[in-house]
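# Coordinates in review
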Amino acid sequence: MSKYIFTSKRLGFRNWKDDDLKPFSVMNMDEDVMEFFPNKLTFNQTAIFLNRLRNEFKKNGFTFFAVEIIETNEFIGFIGI
């Protein structure tokens, strides 16, 4: 079970884990997911981005948080505040 920074009724918002890299990179390479982003990201670009997000959290106490479904612990994306 993940330790959430905060939750909604069905979603958990947390810092990034190593296990997020693969599903996050698949999302970042998907045409439909990335439709409104400047460009798709490669696996390596996603790894660099994920590392930057972790460092931002460490430095500032906030970042774009990883989001998962609480009931299944399935990673479904990210959100920022």
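Moving on: the overall build of the protein. Summing up its helical and strand segments, the protein has 2 helices and 4 strands in all. Secondary structure of the protein in N-to-C order comes out as β-β-α-α-β-β. Here the C-alpha radius of gyration of the protein, 12 Å, is about what a compact globule of 81 residues would show, namely 12 Å. Counting across all 81 residues of the protein, residues that qualify as buried make up 31%. Considering only contacts in the protein between residues 6 or more positions apart, those separated by 24 or more positions represent 53%.

It is worth spelling out the pattern of salt bridges at this point. What the rule picks out here adds up to 5 salt bridges. Here Glu-68 and Arg-14 are joined by a salt bridge, their closest N and O atoms 2.9 Å apart. Placement of Glu-68 in strand β3 (residues 65-69) and of Arg-14 in strand β2 (residues 11-14) is noted, with a sequence separation of 54 residues between them. Exposure class is identical for Glu-68 and Arg-14. Each is buried. Note that Arg-52 and Glu-56 form a salt bridge whose closest N and O atoms lie 3.4 Å from each other. Here Glu-56 and Arg-52 lie together in helix α2 (residues 43-60), a separation of 4 residues that amounts to about one turn. On the accessibility criterion, Arg-52 (45% relative accessible area) is partly exposed.

Thresholds applied
- Numbers given for residues are sequential positions, taken from 1 along each chain in its written order.
- Side-chain atom pairs in this predicted model are given and counted only at pLDDT of 80 or more, local residue features only at pLDDT of at least 70, and totals for whole chains, interfaces and linings cover all residues.
- Side-chain figures throughout are based on the complete set of non-hydrogen atoms in the structure, without hydrogens or water.
- Starting at the N terminus, helices and strands are each numbered in turn, a helix being any DSSP run of H or I of at least four residues and a strand any DSSP run of E of at least two.
- C-alpha atoms define the radius of gyration, and 2.2 Å times the number of residues to the power 0.38 defines the globule rule.
- Throughout, exposure labels follow a simple rule: accessible area from a 1.4 Å probe, protein chains only, divided by the maximum for the residue type, with under 20% read as buried, over 50% as exposed, and the rest as partly exposed.
- Residues are treated as being in contact if the distance between any of their heavy atoms lies within 4.5 Å.
- Should a side-chain nitrogen of Lys or Arg be within 4 Å of a carboxyl oxygen of Asp or Glu, the pair is scored as a salt bridge.

From the geometry alone we can't say anything about function, so treat these as descriptive.
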